Amino acid sequence: MLTVVLPKGALLPDSIRLLKAVGLDFSVFLDPANRLLQITDPTGTAKAFLVRNYDVPVYVEYGQAQLGIIGYDVLREKVPQVAHLADLGFGKCRMSVAVKQSSPYRSALDLPLYGRVASKFVHCSREYFDSLDLPVEIVPLYGSVELGPITGMSEAIVDLVATGTTLRENGLIETDVLFESTARLIAHPLSYRLNTDSLSEWIEKLRSAVAIAA
């Protein structure tokens, strides 16, 4: 039986819509009353797990699921050993550097040497500032990261931005974009190579559904 792991949160509705387009119905996960973390498609063809974003690539890498849907931002941050199969086109956002609007900084290169940058994306942040040859201290924050510059704990933040509304409402502005992010289809590498449970057929169906929706 095919096993798919899905992310809780913003990517879930579009993920379920895509899977439904190829005949796999996991819409029970969208029911606010649902407490199940594992369900089987009504046809008995496949089952799905519902997990936190950062856990999606873990389940795929370790072979508990053959397929997964997750944001490119998580793949860049966690660098899991998975097969990257397709850009699904939804969940568009960007990884950006932001600072207080009232600060003198208008570019990441304006930040002071050994200044502080708050982010939950520690790996992405460090990789980016290393590429600029700008030594900074990365401060790990896992919620309300905008408070870093507001309280003076950091000069800047690195965070996902969709519309920019949260930044603006908190007096922050974007200065640099590290990369654009969308939902991606990933697979367990060995299952992909061995075509376990007709995996290649499902992958082609999903790719075709994405192309039609584009």
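Residues numbered from 1 in each chain as written. Predicted model: local features only at pLDDT ≥ 70, side-chain atom pairs only at ≥ 80, totals over all residues. Heavy atoms only, no water.

A. Just the side chain of Ser 15, in detail. Residue placement: Ser 15 occurs in helix 1 (residues 12-21). Contact partners of Ser 15, with chain neighbours within four places excluded, come to Leu 6, Pro 7, Ile 69 and Phe 90. (Helix = DSSP H or I, 4+ residues; strand = E, 2+ residues; numbered from the N terminus. Contact = heavy atoms within 4.5 Å.)

B. Layout of the pairing of strand 4 (residues 67-71). Among the five residues of strand 4, five are classified as buried, and the element is accordingly described as predominantly covered. Along strand 4, one buried face is formed by Leu 67, Ile 69 and Gly 71 and the opposite face, lined by Gly 68 and Ile 70, is buried too. Taken together, the five bridges between strand 4 and strand 11 (residues 183-187) define a ladder with antiparallel strand orientation. Within strand 11, the residue paired with Ile 70 across the bridge is Arg 184. (Buried < 20%, exposed > 50% of the residue type's maximum accessible area, 1.4 Å probe, protein only. Pairing = 2+ DSSP bridges.)

C. Looking closely at the nonpolar core. Leu 6, Phe 29, Leu 67 and Leu 88 are the most contacted members of the largest nonpolar core, which has 32 residues in total. Mapped onto this core, the elements with two or more residues apiece are strand 1 (2-7), helix 1, strand 3 (46-51), strand 4, strand 5 (83-87), strand 11 and helix 8 (199-213). Here this core takes six residues from helix 8, the largest share from any one element. Apart from the residues within four sequence positions on either side, Leu 88 is in contact with Leu 18, Ile 69, Ala 183, Arg 184, Leu 185 and Val 210. Judged by nonpolar contacts, the second largest core, of 19 residues, contains Ala 108, Phe 121, Cys 124 and Tyr 128. (Core = buried A, V, L, I, M, F, W, Y, C linked by side-chain atoms within 4.5 Å.)

D. Geometry of the UniProt feature "domain: ATP phosphoribosyltransferase catalytic" (unreviewed entry) in the chain. In this structure's numbering, the residues bearing the UniProt feature "domain: ATP phosphoribosyltransferase catalytic" (unreviewed entry) are residues 52-207. The straight-line gap between the two end C-alpha atoms of residues 52-207 is 24 Å; of that span, 31% is helix and 30% is strand. (UniProt positions renumbered as here; feature names shortened; annotations may be inferred.)

E. View of the packing of aromatic side chains. Overall, the coordinates contain three aromatic pairs when judged by the stated rule. Ring geometry for Phe 49 against Tyr 59: centres 6.0 Å apart, planes inclined by 55°, an arrangement best described as tilted. Here Phe 49 is found in strand 3, whereas its partner Tyr 59 is found in helix 2 (residues 56-61), with 10 residues between them in sequence. Relative accessible area serves as the criterion here: at 32%, Tyr 59 is assigned to the partly exposed category. Between Tyr 72 and Phe 179, the ring centres sit 5.5 Å apart and the planes meet at 80°, which makes this aromatic pair edge-to-face. Residue Tyr 72 is located in helix 3 (residues 72-78), and its partner Phe 179 is located in strand 10 (residues 172-181); the two are separated by 107 residues in the primary sequence. Residue Phe 179 is classed as buried on the basis of its relative accessible area, which comes to 8%. (Phe/Tyr/Trp six-rings, centres within 6.5 Å; stacked < 30°, edge-to-face > 60°.)

F. A look at the state of the cysteines. Taken as a whole, this structure holds zero disulfides when the rule is applied. Of all cysteine sulfurs in the structure, the one in Cys 93 sits closest to Cys 124, which takes part in no disulfide; the separation is 11 Å. Overall, the relative accessible area of 2% leaves Cys 124 in the buried class. (Disulfide = S-S within 2.5 Å.)

G. Broad picture of the pairing of strand 6 (residues 93-100). Counting buried positions along strand 6 gives seven out of eight residues, so the element sits mostly inside the fold. Examined bridge by bridge, strand 6 and strand 10 share eight bridges and lie antiparallel to one another. Bridging across to strand 10, Val 99 finds its partner in Ile 173. By the bridge criterion, six bridges tie strand 6 to strand 9 (residues 156-161) in an arrangement that is antiparallel. Within strand 9, the position partnered with Val 97 by the bridge is Val 158.

H. The arrangement of the sheet that holds strand 6 in detail. Taken together, five strands build an open sheet; the order of strands is 8-7-9-6-10 and the sheet is mixed. The open sheet is flanked by strand 8 (137-140) and strand 10, the only strands paired with a single partner. Across this sheet, the average inter-strand angle for adjacent strands is 30°, counted without regard to direction. Relative to the sheet, helix 4 (residues 122-131) contacts strand 6, strand 7 (116-119), strand 8, strand 9 and strand 10, its axis offset from that of strand 8 by approximately 170°. (Axes fitted to C-alpha atoms, helices over the stretch in contact; angles between N-to-C directions.)

I. Region of the structure containing the sheet that holds strand 1. Reading across from one edge, 2-3-1-4-11-5 is the order of the six strands in this open sheet, with mixed pairing throughout. Sheet topology places strand 2 (38-40) and strand 5 at the edges, where each strand pairs with a single neighbour. Strand-to-strand twist across the sheet, computed as the mean angle between neighbouring axes with direction ignored, equals 25°. Sheet contacts for helix 8: strand 1, strand 4, strand 5 and strand 11; angle to strand 5, the most-contacted strand, approximately 25°.

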